[in-house]
Amino acid sequence: PQYCEMIEPIVFPELFRVLEYCICDRASEQLSRAGTECLHLITANDGLRFAPATWAMFIASFQALFQRTTPQELVNYNFKIAEIAADDEAGKKVQHEYNAKVILKCVIQLELIQSVDFLLLLPRTDVESPKPSAPDPTQPAPAGYRSMARLAVMARAADKPSTIYPVIASEHILALIDRLDEAHSFAMLFNSNLDLRNRLWKAGFMRNKSKPNLQRQEISSLTVAIRVLFRMYMDPARAAVREAVEARILGVSHSLLHQFTCDIPKDAREPWVPLVMLVLREILALDDELFCRHATAHYTTLTELLLLGFDSVLGDVTFVLVEFFNRARRFAL
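Thresholds, definitions, all that
Position numbers for residues start from 1 in each chain and track the written sequence from start to end. In view of the model being predicted, local features appear only for residues whose pLDDT reaches at least 70, and side-chain atom pairs are presented and counted only at 80 or more, with totals across whole chains, interfaces and linings using the full set of residues. Note that water and hydrogens are dropped before the side-chain values are worked out from all heavy atoms of the structure. Under the scheme used here, helices are H or I runs from DSSP no shorter than 4 residues and strands are E runs no shorter than 2 residues, and both carry numbers assigned from the N terminus. Only heavy atoms matter for contacts: two residues are in contact if any of them lie within 4.5 Å across the pair. To obtain each axis, a line is fitted to C-alpha atoms, and for helices this fit is confined to the stretch in contact; angles are then taken between N-to-C directions over 0 to 180 degrees. Note on angle classes: values under 35 degrees are labelled roughly parallel, values over 145 roughly antiparallel, values of 65 to 115 roughly perpendicular, and the remainder oblique. We call a crossing left-handed when the near helix sits turned anticlockwise from the far one by less than a right angle, and right-handed when that turn is clockwise. Asp, Glu, Lys and Arg are counted as charged, while Ala, Val, Leu, Ile, Met, Phe, Trp, Tyr, Cys and Pro are counted as nonpolar; the rest, among them Gly, fall into the polar class. The rule for a salt bridge is simple: a side-chain nitrogen of Lys or Arg has to be within 4 Å of a carboxyl oxygen of Asp or Glu. Buried residues are those whose accessible area, probed at 1.4 Å on protein chains only, stays under 20% of the maximum for their type, while exposed residues exceed 50% and partly exposed ones sit between those limits.

Moving on to the side chain of His298. Considering the arrangement of structural elements, one finds His298 in helix H12 (residues 288–306). For His298, the residues in contact, after removing those within four places along its chain, are Leu250, Ser253, His254, Leu257 and Ile283.

Structure, rendered in structure tokens:
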């Protein structure tokens, strides 16, 4: 440990270069996963001793990995390869290799999103309290059923920052969140382009499966970003960036709640429910002053969200909304 600062400028630039090569340039899922795991182990074992310059190198390397693994080929797909593959066996092999590289980028990007989660937050070891079994809809609900279910939904413990989180500069954490935002935006734009996804499917991309989508990337990148932003928001040691973090939280929360309420069709809402509940739980965990600020910003949208109950089952979101409106009525919003 005493020699760490001496060898870091010599060892780490080459180490990060080698890992970037393994993750991005070898076209091997196994090697890519091994590379991302190595990055995680390096920070877990030695991050507390990193010099500021080493953290800067690490964050720059991570940013480069996000940029290099963004599957731009999905929006700039070489459809000529598909045309050749239709009548030529050699062309089919070329298309298979081309598609495999694009799919690998999607897989690696998910790994990187998970790596940011591991880097900045402790693993979620808490288990939600089991909810009581749903009653027979043809029979009256047992006494206290709703109260028990509501308590179970609200019992989830808040995320906790990792042991490495305190030593990472706020500017570096925000840089990682920028990459998560970019991953989310790319995935969202691709998922909303139904014509392109249909053309890719017809051209043989993900043949015999559903139309290609990046839903996991879209949801997971936003989930990690929101969880980290709220940890920064509540961290007294990061008071210098609280205003900037608050602006980001308000923006991303408004975008998510509006999208869920107005843009996501009924049959596609279910995967987004945990993310909506995450935002509402985090807002409910704020002190009165901060809660009032966020509640004022989202009150109208959350009122509109109640209307979704007319065409779909809101489920556990209902309990969180009850908590929100019960608390909000104490203030003149």
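There is more to say after this.
A word on the packing of helix H5 (residues 89–120) against helix H9 (residues 215–233). The N-to-C vectors of H5 and H9 enclose an angle of 15°; their axes lie 10 Å apart at closest approach. As far as their axial angle goes, H9 and H5 are roughly parallel. Considering the relative orientation of H5 and H9, their crossing is left-handed. Across from Cys106, Leu110, Ile113, Val116, Asp117 and Leu120 in H5, the residues of H9 making contact are Arg216, Gln217, Ser220, Ser221, Val224, Arg227 and Val228. Its residues assigned to classes, the contact of H5 with H9 shows seven nonpolar, three polar and three charged.

This brings us to the pattern of salt bridges. Evaluated as defined, the whole model comprises 19 salt bridges. A salt bridge links Arg179 to Glu182; the nearest nitrogen and oxygen atoms lie 2.7 Å apart. A residue pair is termed a helical-turn pair when its members lie 3 or 4 positions apart in one helix, as Arg179 and Glu182 do in helix H7 (residues 170–192) at three residues. Among the residues examined, Glu182 registers a relative accessible area of 41% and is labelled partly exposed. In the salt-bridge network here, residues are joined through shared partners; they are Glu20, Asp25 and Arg68.

Keep in mind these numbers describe shape, not what the thing actually does.
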